[in-house]
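Tertiary structure, described
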Amino acid sequence: MSGGIRRVGVVGGGQMGAGIAEVCARAGLDTVVCEADATAALAARGRVASSLERAVQRGKLEPAAAQDALARLVFTGDLEDLADRELVVEAVIENAEAKTEVFAALDKIVEDPAAVLATNTSSLPVMRLGMATGRADRVVGLHFFNPVPVLPLVEVVSSLHTAPETLAAVEDFAARTLGKTVVHSRDRAGFVVNALLIPYLLAAVRMAESGFATAADIDTGMELGCAHPMGPLRLADLIGLDTVASIAESLYDEFREPLHAPPPLLQRMVEAGLLGRKTGRGFHVYGQD
């Protein structure tokens, strides 16, 4: 990879995976997106196509550039199609077992021993995923933020086993190839951003749960009183309440701090399938878009 990473694979074509695939394709990279099956792969293609179209409509992307980006993307339901990739980014559900299974499979499938296996986890230990492979030195955290095509930040996280050359290759890829701003974190739950953000979101959930203030007033208070672009409960809805709960559980498992424990209201909402924007209802109600 002396000339830089050019062949990228993304495992998972949901909100985050589709966004990662889009920025890679827009950067001119040969990109393969793997989903659970052909139907899910087709849905992932639709997400990327819709995002590219929105970028065109907003004047952020030329129509020809959008067409070229979509043409660089291959969508598949077969993990074996990632065999020749130089970098594979795992972006499946925020679940330790699911992610570990992906890394164990990729270890057997990806042919180049110098290829980098990265995880987009927002909270799980990179070390745990690396140890599911026989190449922990080539495993690194590469955490993007939603929406990936818009937000400029990437957290790069190295485990105790991550080799310096792996870290250097990923930093170069994120900064030079994708044009992202890189921050570094140790391999601790939540890394930098979520270790600060999640307790804040959980405090807002507890405030709503107690009846201290309505969700609308909590959000308006932080937007207009603290100049936040989005209130904490709207932000939690955007992230996905299931993801917020999962990150909170990872933080609590690691640090055992009460402020990291998911509040009962959050847990009940997840159980009820009220996950935020992606289901049309969370702390707020959303129309179809």
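A brief structural summary. What you are looking at is a predicted structure, and each value in this text was computed from that prediction instead of being measured.

1. Regarding the overall build of the protein chain
A tally of regular secondary structure across the protein chain gives 11 helices and 8 strands. Taken against the 2.2 N^0.38 rule, which gives 19 Å for 289 residues, the C-alpha radius of gyration of the protein chain at 19 Å falls within 12% of a compact globule. Taken along its principal axes, the extent of the C-alpha atoms in the protein chain is 55 × 45 × 35 Å. Put simply, the protein chain has 289 residues, and 47% of those count as buried.

2. Let's talk about the side chain of Glu155
Inspection of the secondary structure puts Glu155 in strand 7 (residues 153-158). For the buried residue Glu155, which engages in no salt bridge, the nearest side chain bearing the opposite charge is Lys99, 12 Å off. Within the local environment of Glu155, its side chain forms a polar contact with the backbone nitrogen of Val192, the two atoms lying 3.1 Å apart. Within polar-contact distance, the side chain of Glu155 engages the backbone nitrogen of Val193 at 2.8 Å. Residues contacting Glu155, with those up to four places away along its chain left out, are Gly141, Leu142, His143, Phe145, Val183, Phe191, Val192 and Val193.

3. Observations regarding the packing of helix 7 (residues 193-210) against helix 9 (residues 232-239)
Between helix 7 and helix 9, the least distance of the axes is 9 Å, while the angle of their chain directions is 115°. Between helix 7 and helix 9, the angle is such that the two are roughly perpendicular. For the crossing formed where helix 7 meets helix 9, the hand is left-handed. For the pair helix 7 and helix 9, contact is made by Leu197, Tyr200, Leu201, Ala204, Val205 and Ala208 and by Pro232, Leu233, Leu235, Ala236 and Ile239, respectively. When its residues are assigned to classes, the contact of helix 7 with helix 9 shows 11 nonpolar, no polar and no charged.

4. Here's the deal with the sheet that holds strand 2 (residues 30-34)
With mixed pairing, the 8 strands of this open sheet are ordered in space as 3-2-1-4-5-6-7-8. Edge positions in the open sheet fall to strand 3 (73-76) and strand 8 (181-185), since each of these has one partner strand only. Strand-to-strand twist of the sheet, defined as the mean angle between neighbouring strand axes without regard to direction, takes the value 25°. In this structure, strand 7 lies alongside strand 8, joined through 5 bridges in parallel fashion. The partner of Val157 across the bridge, within strand 8, is Ser185.

Cut-offs and rules
Residues numbered from 1 in each chain as written. Predicted model: local features only at pLDDT ≥ 70, side-chain atom pairs only at ≥ 80, totals over all residues. Heavy atoms only, no water. Helix = DSSP H or I, 4+ residues; strand = E, 2+ residues; numbered from the N terminus. Rg over C-alpha atoms; globule rule 2.2 N^0.38 Å. Buried < 20%, exposed > 50% of the residue type's maximum accessible area, 1.4 Å probe, protein only. Lys, Arg positive; Asp, Glu negative; His and termini not counted. Salt bridge = Lys/Arg side-chain N within 4 Å of Asp/Glu carboxyl O. Polar contact = N/O pair within 3.5 Å; in protein donor to acceptor, adjacent residues only side chain to side chain. Contact = heavy atoms within 4.5 Å. Axes fitted to C-alpha atoms, helices over the stretch in contact; angles between N-to-C directions. Parallel < 35°, antiparallel > 145°, perpendicular 65-115°, else oblique. Left-handed = near helix turned anticlockwise from the far one by under 90°. Nonpolar A, V, L, I, M, F, W, Y, C, P; charged D, E, K, R; others polar. Pairing = 2+ DSSP bridges.

Interpretation note: all reported values are geometric properties and have no functional meaning in isolation.
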